Amino acid sequence: MKKLIILLFLFLYSSGFSQVKMISWNIENFGKSKSNEEIAYIATQLNKYDVVAVQEVVAGYGGAQAVARLADELNRKGNKWEYTISDPTTSTPSKTERYAFLWKSAIIKKIGKAWLEKKYASVMEREPYLCTFEYNKKQFTVVSFHAITKSKQPDREIKYFKYFPSAYPKLNLIFAGDFNCPQSHFVFDPLRKMGYSSALVNQKTSLKRSCKNGVCLASEYDNLFFSKSKIRKLNSGVIPFYQNFQSLKEARTISDHCPIWMEFSLN
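Predicted model only: the values in this text are computed from it and were never measured. (Residues numbered from 1 in each chain as written. Predicted model: local features only at pLDDT ≥ 70, side-chain atom pairs only at ≥ 80, totals over all residues. Heavy atoms only, no water.)

Here we look at the side chain of T89
Argument step 1. Along the polypeptide, T89 turns up in the loop between β3 (81-85) and β4 (97-104).
Argument step 2. In contact with T89, not counting residues within four places along its chain, are K95, T96, E97, Y99, L116, E125, R126 and E127. (Helix = DSSP H or I, 4+ residues; strand = E, 2+ residues; numbered from the N terminus. Contact = heavy atoms within 4.5 Å.)

Written out as structure tokens, the structure is:
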């Protein structure tokens, strides 16, 4: 009986008991306009995850401060959090933003410095922000990205993702963020041919202006793409945070996108 319990424990451990819980969220206009109550609410949604990727951090005054406020709020919940914030993106000054990563330092270790991918700054309005993390002596690198809007054809930017695996052959890449483009789009085919898969399929993530016939989500924009040979997805989904509010108008003071998450083990 004792041996059976040990075997069961080992099975559960290898099947995902030891895993990374990652979340990505385009938090609309994340800056000084967010109240303390809103920051506290956001922290509550993020607290159970190990690594957080945030897009649409305000580039000017208030953006970096909002990330620091969020980290402080998370620290009050019992875990030690660290964070890194990108410089403002450079391609289009009128559309410049920052990115941020936050992580539980007791579980996750940051390796080296995070960096904006300047190589594609001339062809991407908000060049991606990359950071390498280590979990149980295994590493993964998150490529956080906020694409141009659908009307501007985001596939014109996303098509450059196919060059990242060869540019960083030693890194275990996870593409995360708001792509303003569904995972079914042909622009992701080169990644799929290289063995990448999306965490979400046919899952809408952006909020409508108002719910219609019980439907509150508009488009399939946010996702995570990972290498199936290096990462085993255990679970994934979206957090329908808008259900905690009386209306979508009220929910949209937090964001017009839902957070997306993935639990995974490193091969």
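Structure shown, so let's carry the discussion forward.
Topic: the pattern of salt bridges
Argument step 1. One pass over the full model with this rule turns up six salt bridges.
Argument step 2. Notably, a salt bridge pairs R126 with E125, separated by 3.9 Å at the nearest N-O pair.
Argument step 3. Take E125: its relative accessible area is 11%, and that puts it in the buried class.
Argument step 4. Among the charged side chains, a network of salt bridges with common partners joins E97, E125, R126 and K152. (Salt bridge = Lys/Arg side-chain N within 4 Å of Asp/Glu carboxyl O. Buried < 20%, exposed > 50% of the residue type's maximum accessible area, 1.4 Å probe, protein only.)

A look at the sheet that holds strand β13 (residues 231-238)
Argument step 1. Overall, mixed pairing links the six strands, which are arranged β3-β4-β2-β1-β14-β13 in an open sheet. Where the open sheet ends on each side, the last strands, each with one partner, are β3 and β13. Sheet twist, expressed as the average angle between the axes of neighbouring strands with direction ignored, equals 20°.
Argument step 2. Both strand β2 (residues 51-58) and β4 contribute to a ladder of six bridges, which runs antiparallel. Its bridge partner being in β4, V57 is matched across the sheet by R98.
Argument step 3. Packing against the sheet, helix α2 (residues 36-46) makes contact with β1 (20-30), β2 and β3, and its axis sits at approximately 160° to β1. (Pairing = 2+ DSSP bridges. Axes fitted to C-alpha atoms, helices over the stretch in contact; angles between N-to-C directions.)

Describing the sheet that holds strand β12 (residues 222-227)
Argument step 1. Taking strand neighbours across the sheet as the criterion, the six strands line up as β5-β6-β7-β8-β12-β9 in an open arrangement whose pairing is mixed. The open sheet is flanked by β5 (109-116) and β9 (196-198), the only strands paired with a single partner. Neighbour to neighbour, the strand axes of the sheet diverge by 20° on average, direction disregarded.
Argument step 2. By the bridge criterion, five bridges tie strand β8 (residues 173-178) to β12 in an arrangement that is antiparallel.

Overview of the packing of aromatic side chains
Argument step 1. Summed over all chains, the structure comprises 24 aromatic pairs.
Argument step 2. Ring centres of F140 and F264 lie 5.4 Å apart, and the angle between their planes is 90°; this geometry places the pair in the edge-to-face category. Of this pair, F140 sits in strand β7 (residues 138-146) while F264 sits in strand β14 (residues 260-266), and the two are 124 residues apart along the sequence.
Argument step 3. Note on F264: relative accessible area 0%, which makes it buried. (Phe/Tyr/Trp six-rings, centres within 6.5 Å; stacked < 30°, edge-to-face > 60°.)

Digging into the state of the cysteines
Argument step 1. Here the structure, examined in full by the defined rule, presents one disulfide.
Argument step 2. Residue C211 pairs covalently with C216 via a disulfide, S to S 2.0 Å. Handedness here is read from the sign of the S-S torsion; for C211 and C216, about 110°, the answer is right-handed.
Argument step 3. Looking at C181, it has no disulfide partner, and the nearest cysteine sulfur is the one in C258, 18 Å off.
Argument step 4. Here C181 falls in the buried class, since its relative accessible area comes to 4%. (Disulfide = S-S within 2.5 Å.)

Considering unusual backbone geometry
Argument step 1. Although it is not a glycine, N136 sits at a positive phi angle of roughly 50°.
Argument step 2. Within the secondary structure layout, N136 lies in the loop between β6 (129-135) and β7.
Argument step 3. Positive phi outside glycine occurs at N202, with the angle close to 55°.
Argument step 4. Take N202: it is sitting in the loop between β9 and β10 (207-212).

A short note on the nonpolar core
Argument step 1. If you look at the biggest cluster of nonpolar residues, it comprises 80 residues, and the most contacted ones within it are F30, F140, F175 and F241.
Argument step 2. Filtering out sequence-adjacent residues up to four positions away, F30 remains in contact with I39, I42, V54, E56, V57, V58, G63, A66, V67 and L70. (Core = buried A, V, L, I, M, F, W, Y, C linked by side-chain atoms within 4.5 Å.)

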